[in-house]
Amino acid sequence: IMDKMNEEEKKQFDAIKLPELIEDKTTRYQTFAISKDLAQTIAKSEKAQFFEQLLKKFRKLKPAYIADVLIGAETSIKRQFGIEIKPAEEDFIDLFDALEEGEISKESVIEILKENKPVQSVLYKYKLLSDSELKEQIKQIISENKGMPVNALIGKAMEKLRGKAEGKKIVEWIQKSC
């Protein structure tokens, strides 16, 4: 066929972009430190193109984390809580935006999606505490539980502040305060 084409037809033929094979896409996704199974699942899904847009937009978030939330959150929430969710692309964008900006913690992601409402409308409930608010909460927990061992205080603080501050920060500040 190529022999019978004129120069213009050959140029047009060469300009045709063939879709990337799922195997090639899977291999490319694995270069982002994504497991083969997850890479294959996302490559086969209708969310592959959206996943690639998210990778370009959210450079601070790990590609494996983005893929996991995109592919696994709906199933996980259905299995754990019996709630069917169908987040829109906009919901994922709002969610990853808040995460990348440090406004929410990773621990809150499932809780936010589980609400089954537009992410933008529930984000305020999951905002992380400022450092000064966190220090104030920790002081209060320590004063309400005088004489309690450090590990017990950490447990109390984690219970009360789950999703409102990074666990590492809570532990660090309690240890410094005691």
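Calculation notes
- Residues numbered from 1 in each chain as written.
- Predicted model: local features only at pLDDT ≥ 70, side-chain atom pairs only at ≥ 80, totals over all residues.
- Heavy atoms only, no water.
- Helix = DSSP H or I, 4+ residues; strand = E, 2+ residues; numbered from the N terminus.
- Buried < 20%, exposed > 50% of the residue type's maximum accessible area, 1.4 Å probe, protein only.
- Areas by Shrake-Rupley, 256 points an atom, 1.4 Å probe, with all protein chains shown as cover.
- Lys, Arg positive; Asp, Glu negative; His and termini not counted.
- Charge placed at Lys NZ, Arg CZ, Asp CG, Glu CD.
- Core = buried A, V, L, I, M, F, W, Y, C linked by side-chain atoms within 4.5 Å.
- Polar contact = N/O pair within 3.5 Å; in protein donor to acceptor, adjacent residues only side chain to side chain.
- Contact = heavy atoms within 4.5 Å.
- Phe/Tyr/Trp six-rings, centres within 6.5 Å; stacked < 30°, edge-to-face > 60°.
- Lys NZ or Arg CZ within 6 Å of the ring centre and 35° of its normal.

Asker: Looking at this structure, I do not really get the overall build of the chain. What am I missing?
Answerer: A tally of regular secondary structure across the chain gives 11 helices and 0 strands. Counting from the amino terminus, helix and strand elements in the chain follow one another as α-α-α-α-α-α-α-α-α-α-α. Taken along its principal axes, the extent of the C-alpha atoms in the chain is 90 × 35 × 25 Å. Across the 178 residues in the chain, those meeting the buried criterion constitute 35%. Total accessible area on the chain stands at roughly 11700 Å², and carbon and sulfur atoms take up 51% of it. Put simply, the chain has 32 plus and 32 minus side-chain charges, and the middle of one group is 5 Å from the middle of the other.

Asker: Quick question: what am I supposed to make of the nonpolar core here?
Answerer: Buried together is how nonpolar side chains tend to be arranged in soluble globular proteins. Residues F51, V69, F96 and L113 are the most contacted members of the largest nonpolar core, which totals 34 residues. At the level of secondary structure, the elements contributing two or more residues to this core comprise α3 (36-44), α4 (48-57), α5 (63-81), α6 (89-100), α7 (108-114) and α8 (119-122). With 7 residues, the single largest contributor to this core is α5. Ranked by size, the runner-up nonpolar core spans 12 residues in total, among them I141, I142, L153 and I174.

Asker: Just checking my understanding: could you explain the side chain of E74 for this structure?
Answerer: Within the secondary structure, E74 is located in helix α5. Among the polar contacts listed, one links the side chain of E74 to the side chain of K47, at a separation of 2.9 Å. When sequence neighbours within four positions are dropped, the list of residues in contact with E74 reads K47, I85, K86 and P87.

Asker: In this structure, what is going on with the packing of aromatic side chains? I would like to understand it.
Answerer: Think of a pair of aromatic rings as described by two things: how far the centres are apart, and how the planes are tilted against each other in angle. For the coordinates displayed, the defined rule picks out 5 aromatic pairs. Ring pairing ties together the aromatic residues F50, F58, F92 and F96, which thus form one cluster. Cation over ring: K106 sits above Y65, and NZ or CZ is 4.3 Å from the ring centre. The ring centre of F81 lies 4.2 Å from the NZ or CZ of K114, which sits over that ring.

Asker: I keep staring at the environment of A39 and nothing clicks. Help me out?
Answerer: Mapped onto the fold, A39 is located in helix α3. Classification of A39 as buried rests on a relative accessible area of 0%. For the pair formed by A39 and E159, sequence separation is 120 residues and the distance between their alpha carbons is 35 Å.

Everything listed here is a matter of geometry and, on its own, says nothing about what the molecule does.
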